[in-house]
Amino acid sequence: MAASSATSRRGNLLPRVASPSAKSKAKPRRRGHLFQEVILKQLRLLVLFALAIILIAIFKVGLPGALHHTSRVVTPVIGFNLTESQVDIKMSDLYDTIEFKDIDGGAWKQGWKVQYSGDEWDRYKLRVFVVPHSHNDPGWLRTVEEYYQERTRRILSTIVHALRQDKKRKFIWEEMSYLERWWRDASEAEKRDFITLVKNGQLEIVGGGWVMNDEANSHYYAIIEQITEGNLWLKNTVGVIPRNAWAIDPFGHSPTMAYLLRRMGFQNMLIQRTHYEVKKVLAREQNLEFVWRQSWDKSNTTDILCHMMPFYSYDIPHTCGPEPAICCQFDYWRLPGSGAAQRCPWGYDPQVITEDNVKERSEMLLDQYRKKSTLYKTNTLLVPLGDDFRYITSAEASLQFENYQKIFDYINKHPKLKAEVQFGTLEDYFKAIRDELDVRKKDLKLPTLSGDFFTYADRVHDYWSGYYVSRPFYKSVDRVLEETLRAADILFSLSSAYCQAHGPDRFPLPFTEKIRSARRTLALFQHHDGVTGTAKNHVVVDYAQKMHSALLDLQKFMAQSVAVLLGRSMSGQGSCTVVNPDMFIPEKEQTSYGVLPIRKKVDLVSSQVQRVIFYNPLEEDVDQVVMVLVEQTNVCVVGSDWKPIESQISPEWRNSKDLAGTRHRLHWQVHVPAMGLQTFFIFVAQGSQSCKPAQIADIKVFHPTDAFTCPPPYKCSQTEEKVVEIQNERVKLVFSVQDGLLHSWKDYKSGNVMSLKEDVALYSSYGSGAYLFKPVGEARSIVSPGGLIVVTQGPLMQEVLTQPKTDWSLSPASRMARVYNGIDTVQSFMAEMVYHVELLDHAFNDKELIVLFETDLDTGNTFFTDLNGFQTISRETRGKIPLQGNYYPMPSLAFLQGSEGHRFSLHSRQSLGVASLKSGALEVMLDRRLTRDDERGLGQGVLDNRPMDVTFHLLLESNVTSLPSIAASTPRVPSLLSHRILAQLNYPMHTFFGNIENASDVQASHLQKTFAPLAVNFPCDLHVVSLKMPEPLGFSASTSHGAEYVLILHRRGWDNSYCRRGQMQCRTVADEQVNAQDIFVELDSSIATPSSLNLIHDSTRDFGYIEISGRKGGKGSEHKWLIDMAPMEIQAFKFDMSLGKGKQSLQDD
Ligand SMILES: [Zn+2]
């Protein structure tokens, strides 16, 4: 099994194992005006905005512990564009200095021959904390339950037993998913012992998330959910709050984690998997410990102390010092005859400590500790002692604890050795570090650092960029589960508040367990072998089935919420019992875990009416062209006021040679209130009814094959036209008539054109696997002239379907490009590109499929990607790094910015990998199919590809300010329009169908047609990350304020140099502050308290922050709770909502 094999992902960097394919043949590939709108009004807004900013509140700042003692008052620097923070080390600058030559360092292969003179510890002796740990993946080669039954259950019991035997023994534990599982099985005595050990400091919970989450693919919404779920369980069950985070296995590290952890009250964090060349250069300057600061943080409120481990792995051979052949001899579970399968691969076995050898062994180990210590500034040293699924038996625990204790006793008894060694927790270590920093503050200061640690390489040219894309179908399901959970949480909160008077059995409380289970499923999948796509096939299926079942539960719940919220007027304060659970059904049917959801269709006969409800989970009203499938083409749509609405009918194309579908798509424009519901009705159009029949779309076909038949009742014209184009009133997309690919983007009003060439290409790989991307040379285009092009045009939606001509009978990717007409819609500014991908055939083995966009923007080597959907970061494509190392995670966004300020953005609803290998070009990998294992322990390739759709929203923008304002050092953030496009893509509307009714029944129905809970839209730059009841059945008891609800807000950082087009009815925080008491129409809300993002800490000092809310303003008795937040910040508020008491009565300050 891989956890105990030398080729494990957590395995050894064997000195004698040169990588079989050490040298990549691949070289970085070198392949291949717009409009300007200056709005005078803009200037006035600028001035108003600047004035408003000056009025923004003054913030109190508390910084992490001993690093900074005093709290001081600072005014965060906020402006139109964010300003870059001041740091000692900027990762992008550091990359410029590294040569990436992988020079052989000898015993420490990726470093150098470490030496010391011996007098380093004369003044301050070496203090070593040996930290025993066991890394338990919640699913990888086994499912989480299999691991639990086979190993983790025993490990947790072993730890408790071993620590109880000797107070000097310590341990740390990370994953709450396993601890919660064990807690259900453990005896009362074991639980008592566990709590005792935690309280007396022998056992520390580090991180305390549900899992140790991936940091590349995971979205910040899900990271907050997964840590909060673990932390709350921990606090409520064990009664402890974690302060130190431990991330030894995620494949690269994101500053978003540093930010979120800080805002959760963490003081210190540890990371491991960073590029070996980065480790080396940081170790050279003793900069492996640093203060991690966000790149946009001018006030230094995001500072968190970070320890980076120096070596190849977190196993014992790579943690005691630089020489694995020595360190391995101090892994006593590798003792021959111990019962463990694993031996030291360097040829030297461990030796049991005896009186005869204790001196020699102690000095040998201390020599490693000293060498390791020279890589850090302080004389306090951290030495992890563990590996995957270790300490499984008491024999193993005894071997480690007893032999080490003998060594410790020897060293500690000999003052000449100038060292003090002991078992410790992470807390023990960080406390000692902070004490030392305090004592030596005159000569000792840790550097500050900004930036990230992608893309990770562990050796030679082995870059871990493959996992940005592996199993993309499930990466997509992950995000569907996220937005569905968020949407369900909002409905849960609102219906709970409306139904408050109905007692403890009221709707929606019976759904509490289902919601919690869905939250835990989402949390589980954030594990670094979950959303990464790096688990065995059967484990992937296990995750997928759990997500599928969670989605079904959430949809069922939402459908019932719709019935409750629209039925409020039916009996007094509301119909808070669900009479008919099937009154509404979700339009999307999740039939199985591994397939795309099936859309239900509307099927009517005359005089029948289909009620359709849209739920908008966003914090702003949404105007959008929507679509449902219908059986008949002679239909029409009316709104809730029974007024006719313009609609369009188009064929539903299927992904086959003939495209033949038997259903039709009905499009119309809706307006749905923020976090609300809106009803529409579909009928069969009859002469007598006063509705506008849907307009039948025109269809043009280029290069039709014999298989293609025109579906009735449409008219398909074959045309000899020289251009293929679609347009709305803002955007015109032009396609090549030869191959059907996108060719250019025109601003329809100004006539300006930007070249935008689309291509679909394949990489061939020789060593790619679930983790690694290792291509042979460049990607090759697979598209040749010919190929079927079908253009569908109507008043609301125009699209170009291209089935490219390729070497295969059916192309592995077909593409639908769309523009929408719409009045005042964000949608009308962008182009929608949907790629249907099927990398199913063995013909695609060891191939990786990309889509490429080449613009004529002059971008040099620079492009931008997002990190966790939270922030954007500048990327540099570097020739000294192989192609695969120039791939970066793209959880939701990538953009290019030309020297003249024009910007091309690509918004995504799932995480993928992206690169810009040529000036003006962006490529995104869509899927990968790999026969080989990439030697990181998984033991298989990736061949379980699924048919899927990948959707991008494309946007072209031009800078409306004078160019010098875009200073090179300005952190680039999306425009407001880009943020809104991203939000509408990632938090889409949910559609529900009522039962088929007769027209007369509809008129008589008591159901309300609109539900609009918000009194005002939130400002456009304020995103509701979540509105939820974290613990519906017990939360109020566990908080000091009795608040039941939580609102988490994110004030977006946005770039004001871009057109504020799409600003329709769009105010910003600076325009008008939010008074939290006025958020809801019928519900009274009172902000009880700001909270840390994990909902644990109520004192803002605990999470490095700032008093941002609860600021009272207004005149006289009209108190307000104004929400003040600096751009980029995320903030949680605990509050209460109640119905019908009247707003004034709650203001009892
Ligand atoms: Zn792991």
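Before any of the text, the structure's been laid out above.
Cut-offs used in this document
- Residue indices begin from 1 for each chain and proceed along its sequence in written order.
- Given that this is a predicted model, residues contribute local features only at a pLDDT of at least 70 and side-chain atom pairs are listed and counted only at 80 or more, while totals for whole chains, interfaces and linings are drawn from all residues.
- Side-chain measures here rest on the full set of heavy atoms in the structure, leaving out hydrogens and waters.
- DSSP bridges decide pairing: two strands pair if at least two such bridges lie between them.
- By the criteria applied, helices consist of DSSP H or I runs no shorter than four residues and strands consist of E runs no shorter than two, each listed in order from the N terminus.
- For helices, the fitted axis covers only the stretch in contact; all axes are lines through C-alpha atoms, and the angles between them, taken along N-to-C directions, range from 0 to 180 degrees.
- Think of the donor list as every N, O and S atom within 2.8 Å of the metal, or within 3.2 Å for Na, K and Ca; water never makes the list, so a site can look incomplete.
- Sites are called tetrahedral only when four donors show all angles between 85 and 135 degrees, square planar or octahedral only when four or six donors show opposite pairs over 155 degrees and all other angles between 65 and 115, and irregular in any remaining case.
- Relative accessibility under 20% of the residue-type maximum defines a buried residue, over 50% an exposed one, and the middle range a partly exposed one, all with a 1.4 Å probe and only protein chains included.
- Just to be clear on terms, a salt bridge is a Lys or Arg side-chain nitrogen sitting within 4 Å of an Asp or Glu carboxyl oxygen.
- In protein, a polar contact requires one atom able to donate a hydrogen and another able to accept it; more generally it is a pair of N or O atoms within 3.5 Å, and residues adjacent in sequence count only if both atoms are side-chain atoms.
- Whether two residues are in contact is decided by their heavy atoms: any pair within 4.5 Å suffices.
- Grouping buried Ala, Val, Leu, Ile, Met, Phe, Trp, Tyr and Cys residues that are joined through side-chain atoms within 4.5 Å yields what is termed a nonpolar core.
- In summary, the pairing rule links any two rings of Phe, Tyr or Trp, Trp by its six-membered ring, whose centres are within 6.5 Å, and it sorts them by plane angle into stacked for under 30 degrees, edge-to-face for over 60 and tilted for everything else.
- In plain terms, two cysteine sulfur atoms within 2.5 Å form what is called a disulfide here.
- By definition in this entry, angles of less than 35 degrees are roughly parallel, angles greater than 145 are roughly antiparallel, angles of 65 to 115 are roughly perpendicular, and the rest are oblique.
- Left-handed describes a crossing in which the near helix is turned anticlockwise from the far one by less than a right angle; the clockwise case is right-handed.
- Polar here means any residue other than Ala, Val, Leu, Ile, Met, Phe, Trp, Tyr, Cys and Pro, which are nonpolar, and Asp, Glu, Lys and Arg, which are charged; Gly is therefore polar.

**Some points on the sheet that holds strand β40 (residues 862-867)**
- Sheet architecture is open: eleven strands sit in the order β29-β28-β35-β36-β37-β38-β47-β44-β43-β40-β41, paired in mixed fashion. Each of the sheet's edge strands pairs with one partner strand only, and the pair in question is β29 (716-718) and β41 (871-876). Pairs of neighbouring strands in the sheet enclose a mean axial angle of 20°, with direction left out of account.
- With six bridges connecting them, strand β37 (residues 813-820) and strand β38 (residues 831-837) associate as antiparallel partners. When the sheet's bridge partners are listed, M816 is paired in β38 with V834.

**So, the coordination of the zinc ion**
- Here the zinc ion is held by H135 (NE2), D137 (OD), D249 (OD) and H528 (NE2), and the distances to it run 2.0 to 2.1 Å.
- Around the zinc ion sit four donor atoms; with metal-centred angles ranging over 94 to 158°, the donor geometry is irregular.
- Sequence positions of the residues that donate to the zinc ion give the spacing H-x1-D-x111-D-x278-H. Taken together, the residues span a long stretch of sequence, with D249 in the loop between β7 (244-247) and α7 (255-262) and H528 in the loop between α14 (512-525) and α15 (537-566) at a distance of 279 residues. Considered together, D249 and H528 belong to a single accessibility category, that of buried residues.

**Comments concerning the pattern of salt bridges**
- The final tally for this structure, using the stated rule, is 67 salt bridges.
- A salt bridge links R932 to D846, with the shortest nitrogen-to-oxygen separation between them at 3.8 Å. Here D846 lies in the loop between β38 and β39 (847-855) and R932 lies in the loop between β46 (921-929) and β47 (948-957), a separation of 86 residues in the sequence.
- Note that E854 and K918 form a salt bridge whose closest N and O atoms lie 3.5 Å from each other. With E854 in strand β39 and K918 in the loop between β45 (912-915) and β46, this residue pair connects regions lying 64 residues apart in the sequence.
- Via salt bridges that share partners, E180, R184, E225, E229, D489, R519, R520 and K1028 belong to a single interconnected network.

**Description of the sheet that holds strand β27 (residues 695-696)**
- As summarised here, the arrangement of the five strands in space is β19-β21-β25-β24-β27, forming an open sheet in which the pairing is mixed. One side of each edge strand has no neighbouring strand; the edge strands of this open sheet are β19 (601-602) and β27.
- Here β19 runs beside strand β21 (residues 622-630); their pairing, made up of two bridges, is parallel. Bridge pairing in β21 places K601 opposite L629.

**Here's the deal with the pairing of strand β43 (residues 893-897)**
- Within β43, five of the five residues are buried, which leaves it mostly tucked inside the rest of the structure.
- Of the two faces of β43, the one carrying L893, F895 and Q897 and the one carrying A894 and L896 are both buried.
- For β40 and β43, the ladder comprises two bridges, and the chain directions are antiparallel. Paired with F864 across the bridge in β43 is F895.
- Of the pairings in the sheet, the one linking β43 to strand β44 (residues 903-908) comprises five bridges and is antiparallel in character. Bridge pairing links Q897 to R903 in β44.

**Let's talk about the side chain of H1097**
- Locating H1097 in the fold gives a position in the loop between β53 (1083-1091) and β54 (1111-1113).
- Reaching out from H1097, the side chain makes a polar contact with the backbone oxygen of M264 at a distance of 3.5 Å.
- Here D1102 takes part through its side chain, which lies 3.5 Å from a polar atom of the side chain of H1097.
- Excluding residues that lie within four positions of it along the chain, H1097 makes contacts with I241, R243, M264, G265, P1090, S1091, S1092, D1102 and F1103.

**Quick look at the nonpolar core**
- One finds L179, F194, Y369, Y404, F952 and L954 to be the most contacted residues of the largest nonpolar core, which totals 268 residues.
- In terms of residue count, α15 provides more of this core than any other element does, 16 residues in total.
- When sequence neighbours within four positions are dropped, the list of residues in contact with Y404 reads V130, I316, F330, Y332, L365, Y369, L385 and F423.

**Describing helix α4 (residues 176-185)**
- With eight of ten residues buried, α4 lies mostly within the body of the structure.
- Every buried residue of α4 is listed here: M176, S177, Y178, L179, E180, R181, W182 and W183.
- Residues of α4 that are buried make contact with α3 (144-165), β5 (171-173), α5 (188-199), β6 (203-205), α6 (220-237) and α14.

**Considerations on unusual backbone geometry**
- Along the chain, F454 connects to T455 via a cis peptide bond; the corresponding omega equals 0°.
- Each neighbour pair has its own omega, and for P712 with P713 the value is 0°, a cis peptide bond.
- Structurally, P713 can be placed in the loop between β28 (698-702) and β29.
- At S607, a residue that is not glycine, the phi angle is positive and equals roughly 75°.
- Checked against the element boundaries, S607 lands in the loop between β19 and β20 (608-615).
- Of the residues examined, S607 reaches a relative accessible area of 39% and is grouped as partly exposed.
- In this model, D824 sits at a positive phi of 55°, which is unusual for a non-glycine residue.
- Relative to the assigned elements, D824 resides in the loop between β37 and β38.

**Quick notes on the pairing of β40**
- By the criterion of burial, β40 is predominantly enclosed, with five of the six residues buried.
- Bridge count for β40 against β41 is six bridges, and the pairing is antiparallel. Bridging from a neighbouring strand, F863 pairs with R875 of β41.
- Hairpin connection of β40 to β41: three residues between the antiparallel strands, including N868 at a positive phi of 60°.

**Points about the packing of aromatic side chains**
- Per the stated rule, a full pass over the model turns up 53 aromatic pairs.
- Pairing F290 with F453 gives two aromatic rings, centres 6.1 Å apart and planes at 40°, and the pair type is tilted. Residue F290 is found in strand β9 (residues 289-292), and its partner F453 is found in the loop between β13 (448-450) and β14 (457-459); the two are separated by 163 residues along the sequence.
- With relative accessibility at 0%, the residue F290 sits in the buried group.
- The buried category is assigned to F453, whose relative accessible area is 3%.
- Relative to F423, the ring of F408 lies with its centre 4.8 Å away and its plane at 65°, an arrangement referred to as edge-to-face. Pair noted here: F408 is in helix α11 (residues 394-413) and F423 is in strand β12 (residues 419-423), with a separation of 15 residues, a long-range link.
- Note on F408: relative accessible area 1%, which makes it buried.

**Here we look at the state of the cysteines**
- For the coordinates displayed, the defined rule picks out four disulfides.
- Residue C320 pairs covalently with C327 via a disulfide, S to S 2.0 Å. Between C320 and C327, the disulfide has an S-S torsion of -85° and is therefore left-handed.
- For C327, a relative accessible area of 0% corresponds to the buried category.
- Each disulfide pairs two cysteine sulfurs, and for C636 the partner residue is C691, the sulfurs being separated by 1.8 Å. With the S-S bond torsion at -80°, the cross-link from C636 to C691 turns out left-handed. With C636 in strand β22 (residues 635-638) and C691 in the loop between β26 (677-684) and β27, the pair connects residues that are 55 residues apart, well separated along the chain. Here the two residues C636 and C691 agree in accessibility, since each one is buried.

**A short note on the packing of helix α13 (residues 472-498) against α15**
- Running from amino to carboxyl end, α13 crosses α15 at an angle of 30°, the nearest separation of the two axes being 9 Å. The angle between α13 and α15 falls in the class roughly parallel. Seen from above, α13 lies across α15 with left-handed handedness.
- When its residues are assigned to classes, the contact of α13 with α15 shows 19 nonpolar, three polar and one charged.

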